[in-house]
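Single-letter residue listing:
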Amino acid sequence: MIKKILISDDDADIRELLKTILFPLGHEIFIAKDGAETFSIYRKEKPHLVILDIMMPFFSGYQVLRRLKKDETFKPHPKILVLSAKSQPEDIKQAEMLGCDSYVAKPFSNEELVKKVEELLSSKDYTL
């Protein structure tokens with residue numbers, strides 16, 4: 001089954017890299033360059049998975065995560081994979097407390113990222 005993935009990162013090179021890595025999985029991919037655009041695309045496309053950077057303009061990844069997981073207007077809640085250079089234990093804990101489903105630190109391996117994406121998309125506790 002084809003699923004929707006929203007990549008949200010302010011770095012154009014990272015967005016392009018992620019798109020290149022994930023394209024072979026056969027899912028539909030959407031791109032957002034900041035938190036505000038993430039909300040806009042999410043409302044329109046209702047992706048199954050959001051890959052979310054923490055340090056972004058307009059709304060931080062933490063703010064996006066909080067709203068996507070807590071706000072009833074964003075139901076059904078998507079799976080959230082945080083992909084960030086912020087990799088200290090307190091950064092990961094904060095993201096987990098806000099409801100992220102998985103956390104991958106930058107730099108990352110392509111294989112690790114693909115494995116996490118496949119795990120999240122095959123999870124039985126989320127259906128659209």
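Please read these numbers as outputs of a predicted model, since none were measured by experiment.

Cut-offs and rules
- Residues numbered from 1 in each chain as written.
- Predicted model: local features only at pLDDT ≥ 70, side-chain atom pairs only at ≥ 80, totals over all residues.
- Heavy atoms only, no water.
- Helix = DSSP H or I, 4+ residues; strand = E, 2+ residues; numbered from the N terminus.
- Rg over C-alpha atoms; globule rule 2.2 N^0.38 Å.
- Buried < 20%, exposed > 50% of the residue type's maximum accessible area, 1.4 Å probe, protein only.
- Areas by Shrake-Rupley, 256 points an atom, 1.4 Å probe, with all protein chains shown as cover.
- Lys, Arg positive; Asp, Glu negative; His and termini not counted.
- Charge placed at Lys NZ, Arg CZ, Asp CG, Glu CD.

Turning our eyes to something else, we now look at the overall build of the chain. The number of helices and strands found in the chain is 5 helices and 5 strands. Starting at the N terminus and ending at the C terminus, the chain contains elements arranged as β-α-β-α-β-α-β-α-β-α. The C-alpha atoms of the chain give a radius of gyration of 13 Å, which matches the 14 Å a tight globule of 128 residues would have. If one aligns the C-alpha atoms of the chain with their principal axes, the spans along those axes are about 35 × 35 × 25 Å. Looking at the 128 residues of the chain, the share that counts as buried comes to 47%. Total accessible area on the chain is roughly 6700 Å²; 54% of this is exposed by carbon and sulfur atoms. For the chain, the separation between the mean place of its 20 positive charges and that of its 21 negative charges on side chains is 6 Å.

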